Structures are given as structure tokens and as C-alpha cells.
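The residues making up each chain are set out below.
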There are 2 protein chains.
Amino acid sequence: MSNAPAVPRQKAPRRTAERILETSLALFNRYGEPNASTNMIAAELNISPGNLYYHYPAKEALVNTLVDRFEHAMQQVLAQATGVRHLDGAGSFLGLLMAQIWDYRFLYRDLSDLLTRNRQLEQRLDRLFDLQQQALEQLVQQLQQTGTLRPVPAEQRTTLATNLVLLLSYWLSYEYARHPRSALEPQNQDAAITRGTAQALALLLPWQTAARPDA
Amino acid sequence: MSNAPAVPRQKAPRRTAERILETSLALFNRYGEPNASTNMIAAELNISPGNLYYHYPAKEALVNTLVDRFEHAMQQVLAQATGVRHLDGAGSFLGLLMAQIWDYRFLYRDLSDLLTRNRQLEQRLDRLFDLQQQALEQLVQQLQQTGTLRPVPAEQRTTLATNLVLLLSYWLSYEYARHPRSALEPQNQDAAITRGTAQALALLLPWQTAARPDA
């Protein structure tokens with residue numbers, strides 16, 4: 001009996017920090033980071049603002065921790081580019097990237113504003129864009145090597161990869177611009193990811209080699 | 001002599017209103033609309049905040065008047081799509097669209113935020129996206145008819161036009177995300193427009209028919 005309460009006491013801070021993160025992500029995604037205050041997050045969790053500040057002394061610390069997770073998750077997905085050999089695999093891969101961006105859509109919703117306020121974000125995002133660019137250039141090269149795509153001139157490969165990065169990054173912003181009241185709501189998840197993936201895949205389709213028996 | 005001062009007195013309000021608009025556009029473009037207050041605009045113009053409010057009773061009125069102008073200018077450019085027959089013309093046309101977006105880049109820099117605060121903007125932007133979509137679908141069709149592009153299946157034509165709209169709309173946001181301190185500064189104008197145009201044109205290149213004598 002004497003040890004029983006000690007376990008929750010030890011674990012409580014970690015659990016609280018985790019719950020704060022999850023709730024922040026949900027509120028940022030739903031209302032936009034600039035519109036979700038730390039007081040709102042504390043209220044949603046039924047904790048005091050002081051308790052929240054104990055774990056995350058500023059909203060920027062919350063954002064940066066969420067960016068850590070996003071970076072990690074995105075790197076895991078990008079590492080899978082090396083295994084893509086055909087158009088089906090490319091579609092699945094682009095779908096994974098799109099799903100990852102959906103999960104952290106608050107970052108892209110107010111990117112200019114976040115970047116203006118958070119200098120750390122600038123360098124981290126820059127690195128992430130570079131990784132995406134590399135992975136997508138590599139993917140195009142692999143699809144050429146398997147004969148799935150016609151040869152894409154090196155310069156156009158760079159342009160194509162940049163267009164893919166941009167399209168995936170801003171697809172949800174475009175959906176939001178067209179339908180501000182519903183685009184980022186959880187019920188739009190599957191449709192938004194499907195549409196964004198299809199738009200990205202469409203950049204590869206015109207490079208496809210003509211259908212052939214099994215050359 | 002008695003009539004001479006009457007002329008400036010009559011014209012003054014219009015001139016002031018115009019100067020307010022021009023200065024607002026410049027400050028919005030430079031610092032982002034959320035970061036440029038009406039007091040900042042008044043100070044830049046050396047007029048009192050009261051004088052500014054006399055012409056534009058709220059910042060939203062300023063934004064909406066600028067959107068009027070953007071709409072008008074964009075419609076003028078979009079009307080030129082019908083004359084495009086070849087890839088050179090397509091490049092020039094996309095360049096004009098990109099230049100127009102550059103001139104009103106504040107709209108795209110903080111689009112999600114502006115849309116959240118300004119419901120009127122939502123419908124007007126929706127209409128503008130539709131007009132862009134139509135013009136670009138039409139452009140693709142014309143390039144097919146002249147044999148510049150291979151036949152693009154109808155469904156892919158829609159997807160392609162949407163990708164062009166998105167790319168032009170968010171190119172400057174992407175440049176800002178990569179270089180927040182310089183991307184939207186006036187000295188980046190030519191390079192940004194050239195790059196954005198090239199990225200957009202790259203969506204058409206893989207559909208180009210193989211070079212042929214003069215079929």
C-alpha cells in the first residue's frame with residue numbers, strides 16, 4: 001500500500017507533459033497555432049496555467065517539441081524513398097508524406113507567421129525541405145532506372161522534386177483557402193490526404209513510359 | 001486666384017485615400033498584413049490616425065479595397081489566356097500571373113490568417129481561384145490544339161490546372177519559408193517571379209510533343 005501512490009507521483013510529470021503536447025497539437029491543428037493560447041490548452045486539460053508553464057515555460061517550447069516529433073516522423077517516412085521502384089509505391093510514399101503533413105498541419109497553416117516569430121524553426125524547416133527534396137529526386141531517379149518513368153533531364157528532376165515538395169507542403173493550405181470552415185477538421189482527413197496525394201502523383205504521370213508488355 | 005485653392009481642396013481626399021492605399025500595400029507586402037497596423041501606416045504617411053480612419057474606418061476596409069484592385073488586375077491578365085498558342089506564350093502568361101501575385105504578395109503570405117478574420121475575402125478568393133482554374137484549363141486545351149502539347153486526358157487537365165494554380169499561389173510562400181529575411185523584399189522581385197514562372201512552366205514541359213519539323 002505504501003508504494004502504490006509513489007508510482008503515479010513519479011510518472012505524473014511525464015504523463016502531464018505528454019497530455020499537454022497531445023492537446024496542444026489537437027488545438028493548434030484545429031484553430032491554428034496563433035489562435036490557441038496556453039490558457040486555452042490548460043483549460044482544455046483542466047490544469048492550471050502554472051502547471052502548464054512548469055512543463056513548457058513558453059508556447060514556443062511547445063511548438064519546438066512538436067516540431068521535434070514532426071522532424072523525427074518525417075525522417076522515418078523519407079527513409080522509405082529508397083525502396084520505391086514503381087508508380088504504385090510512389091503513390092503510397094507520397095500518401096505517407098501527405099499523412100505526416102496532415103498530422104502536423106498547424107505548421108503549414110500559418111507557416112509565414114510561425115517563421116517570423118520562431119527563428120529556430122527556420123533552420124529546422126530548411127533542413128527538412130532539403131531532406132524532402134533529396135528523397136524525391138532520388139525517387140524520380142529510381143523510377144527512371146526501373147523504366148517506370150522516361151528519363152527526366154537532371155535540371156528538370158530538381159524542378160520536379162521542388163514542385164512535389166511545394167505541392168505536398170501547401171496542399172492543405174490550398175484546401176483551407178477553398179473551404180476554411182471544413183478543410184482542417186478531422187473528418188476531412190482521408191479525403192484531403194487522398195486528394196493531395198493524387199495531385200502530387202499527377203506530377204509524375206506525364207513522365208510515365210508508354211505502357212509496354214514487359215520491356 | 002479665388003478658384004485656385006478650390007482644386008487641391010477637392011482633390012485632396014482622393015489623393016490621400018490613394019496614398020493610404022499605396023502605403024498600406026507596401027507595408028503589408030513588406031511586413032505581412034498582421035504586422036502592419038493602421039497606426040504604422042498613418043505614421044509612414046505623416047497623417048493622423050483619425051485622418052486615416054476618415055478614409056478607411058477599419059483595416060479590413062483597406063484590405064478589401066486592395067483585394068478589389070488585385071481582382072481587377074488578375075482578371076485583366078486571365079483574359080489574355082485565350083491568345084496563348086505556344087509554349088513561349090504560356091511562359092509569358094504564367095509570368096504575368098506570377099508578377100500579379102508578387103504585387104499583392106501580402107494576400108498569400110498570411111492567407112489562412114486573413115481568411116479566418118475576413119469572411120468577404122473567402123468568397124472573392126474562391127471566385128478568383130475558379131477563374132484561374134478555368135483560364136489554365138483553357139490554356140492547356142489550346143496548347144493541345146496547336147500540337148504544342150500531347151493530348152492531356154480531361155481529368156488530368158483539371159488536376160494539372162489545379163497544380164498550376166496552387167504552384168503560382170504558394171510559390172512566394174515557399175520562397176519565404178526558405179529565406180524569410182529576403183524572399184519578399186523588393187530586390188527579390190525579378191528573381192522570384194522568374195523562378196516561380198519556371199517552376200510553373202515545368203508542369204507543362206513533360207506534356208510537350210516531341211520536337212518535330214513542322215507537323
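A quick note: this is a predicted structure, and the numbers were derived from the prediction, not measured.

What about the interface of chain A and chain B?
Accessible area lost upon the coming together of the parts is a frequently used measure of interface size.
Moving on, step 1. At the interface, 37 residues of chain A touch 37 residues of chain B.
Moving on, step 2. Summed over both partners, the interface of chain A with chain B buries about 3500 Å², with 55% contributed by carbon and sulfur atoms.
Moving on, step 3. Contact with chain B buries area across many residues of chain A, yet L166, Y174 and R178 of chain A alone supply 17% of it, more than any other trio.
Moving on, step 4. Here chain A is connected to chain B by six salt bridges.
Moving on, step 5. At the boundary of chain A with chain B, the tally comes to 20 residue pairs in polar contact (both at pLDDT 80 or more).
Moving on, step 6. When residues of the side of chain A that touches chain B are assigned to their parent elements, the largest contribution, 14 residues, is made by helix α9 (residues 154–178) of chain A.
Moving on, step 7. Residues that form the side of chain A that touches chain B fall into these classes: 19 nonpolar, eight polar and ten charged.

Re the relation of the copies chain A and chain B
Moving on, step 1. When chain A is brought onto chain B, the operation consists of a screw motion whose angular component is 180 degrees and whose axial shift is 0.0 Å, with 0.0 Å RMSD remaining. Taken together, the rotation and translation relating the two chain copies correspond to the operation of a two-fold axis. Among all C-alpha atoms of chain A, that of P206 of chain A lies closest to the rotation axis, at 2.9 Å.

Here we look at the environment of L205 of chain A
Moving on, step 1. Within the secondary structure layout, L205 of chain A lies in the segment after α10 (189–201).
Moving on, step 2. Not counting residues up to four positions away in its chain, the partners in contact with L205 of chain A are L87 of chain A together with Q156 of chain B.

Comments concerning the confidence of the model for chain A
Residues and elements named next belong to chain A.
Moving on, step 1. Looking at chain A as a whole, the pLDDT averages 91, with 92% of positions reaching at least 70.
Moving on, step 2. Averaged pLDDT values over the elements of chain A bottom out at 81 in helix α1 (residues 6–31) and peak at 98 in α10.
Moving on, step 3. In this model residues 1–8 is a low-confidence stretch, pLDDT under 50, and it forms one contact with partners more than four residues away in sequence or in other chains.
Moving on, step 4. On the interface metric, ipTM, the complex scores 0.90, and its pTM is 0.91.

Basis of the calculations
- Residues numbered from 1 in each chain as written.
- Chains lettered and ligands numbered in written order.
- Predicted model: local features only at pLDDT ≥ 70, side-chain atom pairs only at ≥ 80, totals over all residues.
- Heavy atoms only, no water.
- Contact = heavy atoms within 4.5 Å.
- Buried area = accessible area lost by both parts, 1.4 Å probe.
- Salt bridge = Lys/Arg side-chain N within 4 Å of Asp/Glu carboxyl O.
- Polar contact = N/O pair within 3.5 Å; in protein donor to acceptor, adjacent residues only side chain to side chain.
- Helix = DSSP H or I, 4+ residues; strand = E, 2+ residues; numbered from the N terminus.
- Nonpolar A, V, L, I, M, F, W, Y, C, P; charged D, E, K, R; others polar.
- Least-squares fit on C-alpha atoms with pLDDT ≥ 70 in both.
- pLDDT = per-residue confidence, 0-100.

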